[in-house]
Amino acid sequence: MSYYFRVFAPVGLNCLFTFVKQCSQAINGKRRFFAEKSEKYNARIELRHQPIGRLKGSWGVQYLGQKSSALSAIPETVQQPMLIDNDVHHYSFFGVEQANWDNFSLEGGVRVEKQKAAIQYDKALIDRENYYNQPLPDLGAHRQTARSFALSGNWYFSPYHKLSLTASHQERLPSTQ
């Protein structure tokens, strides 16, 4: 189920909300290789402003919440987890702006993301299998931040050609799947 609406005003406002719940073990009556459970929420709000002088652009926030797990589809007595139960919360802020002058344009964008991923470890199994009493890593929720930005200059020296110079730095957060 997905909802999208747009409000027309001096400041354009676009909103998107998506909810997906999936629990699958069979497709067309045939048992799949694994049984998975997944629940995902996605919300995004984007503000697109009217041109301010030569400047136009969009700014927004986004949220993604996801719970998922997967088990192998072999008999339940020997079923193995293929994807451990996990719960992810992902927040991001982004912006894109563009300015134009005659046959030149300057574009810039930024995105900052924060993620918290909690994995449900079987601590009893870990303690039982830790024969040599080795120190364990931190099994708490993983928290990370990623920052990305880009800046581009364009010179349109003919109707069919342009010369561009771009600088960017990209960071991405790992997925629990």
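A brief look at the structure comes next. (Residues numbered from 1 in each chain as written. Predicted model: local features only at pLDDT ≥ 70, side-chain atom pairs only at ≥ 80, totals over all residues. Heavy atoms only, no water.)

### Let's talk about the pattern of salt bridges
If you walk through the whole model with that rule in mind, you get four salt bridges. Two residues, Arg-172 and Glu-113, come together in a salt bridge whose shortest N-O distance is 3.5 Å. Of this pair, Arg-172 sits in the segment after strand E8 (161-169) while Glu-113 sits in strand E6 (residues 104-119), and the two are 59 residues apart along the sequence. Classification of Arg-172 as exposed rests on a relative accessible area of 57%. One connected set of salt bridges, linked through shared partners, spans Arg-44, Glu-46 and Arg-48. (Salt bridge = Lys/Arg side-chain N within 4 Å of Asp/Glu carboxyl O. Helix = DSSP H or I, 4+ residues; strand = E, 2+ residues; numbered from the N terminus. Buried < 20%, exposed > 50% of the residue type's maximum accessible area, 1.4 Å probe, protein only.)

### Here we look at the side chain of Glu-97
For Glu-97, the location among the structural elements is in strand E5 (residues 81-101). Only 2.5 Å separates the side chain of Glu-97 from the side chain of Trp-59, close enough to count as a polar contact. The residues touching Glu-97, leaving out its near neighbours within four places in the chain, are His-49, Leu-55, Lys-56, Gly-57, Ser-58, Trp-59, Leu-106, Glu-107 and Gly-108. (Polar contact = N/O pair within 3.5 Å; in protein donor to acceptor, adjacent residues only side chain to side chain. Contact = heavy atoms within 4.5 Å.)

### Remarks on the side chain of His-49
Inspection of the secondary structure assignment puts His-49 in strand E3 (residues 30-52). For His-49, a relative accessible area of 18% corresponds to the buried category. Those residues in contact with His-49 that lie beyond four places of it in its chain are Leu-55, Lys-56, Gly-57, Trp-59 and Glu-97.

### As for unusual backbone geometry
Most peptide bonds are trans, and most residues other than glycine sit at a negative phi. Here the phi dihedral of Asp-102 falls at roughly 40°; this positive angle occurs in a residue that is not glycine. Within the secondary structure, Asp-102 sits in the loop between E5 and E6.

### Considerations on the packing of aromatic side chains
Per the stated rule, a full pass over the model turns up four aromatic pairs. Ring plane angle 45° and centroid distance 5.2 Å describe the contact between Tyr-63 and Tyr-91, whose orientation is recorded as tilted. Linking Tyr-63 in strand E4 (residues 55-72) with Tyr-91 in strand E5, this pair joins segments that are 28 residues apart in sequence. Residue classification places Tyr-63 among the partly exposed residues on the basis of a relative accessible area of 25%. Taking the relative accessible area as the measure of exposure, Tyr-91 reaches 46% and is therefore partly exposed. Considering the side-chain rings of Phe-104 and Trp-155, the 6.3 Å spacing of their centres and the 15° angle between planes classify their relative orientation as stacked. Separated by 51 residues along the polypeptide, Phe-104 in strand E6 and Trp-155 in strand E7 (residues 142-158) bring together distant segments of the chain. Feature note: the residues Phe-104, Trp-155 and Phe-157 constitute an aromatic cluster, connected by ring pairs. (Phe/Tyr/Trp six-rings, centres within 6.5 Å; stacked < 30°, edge-to-face > 60°.)

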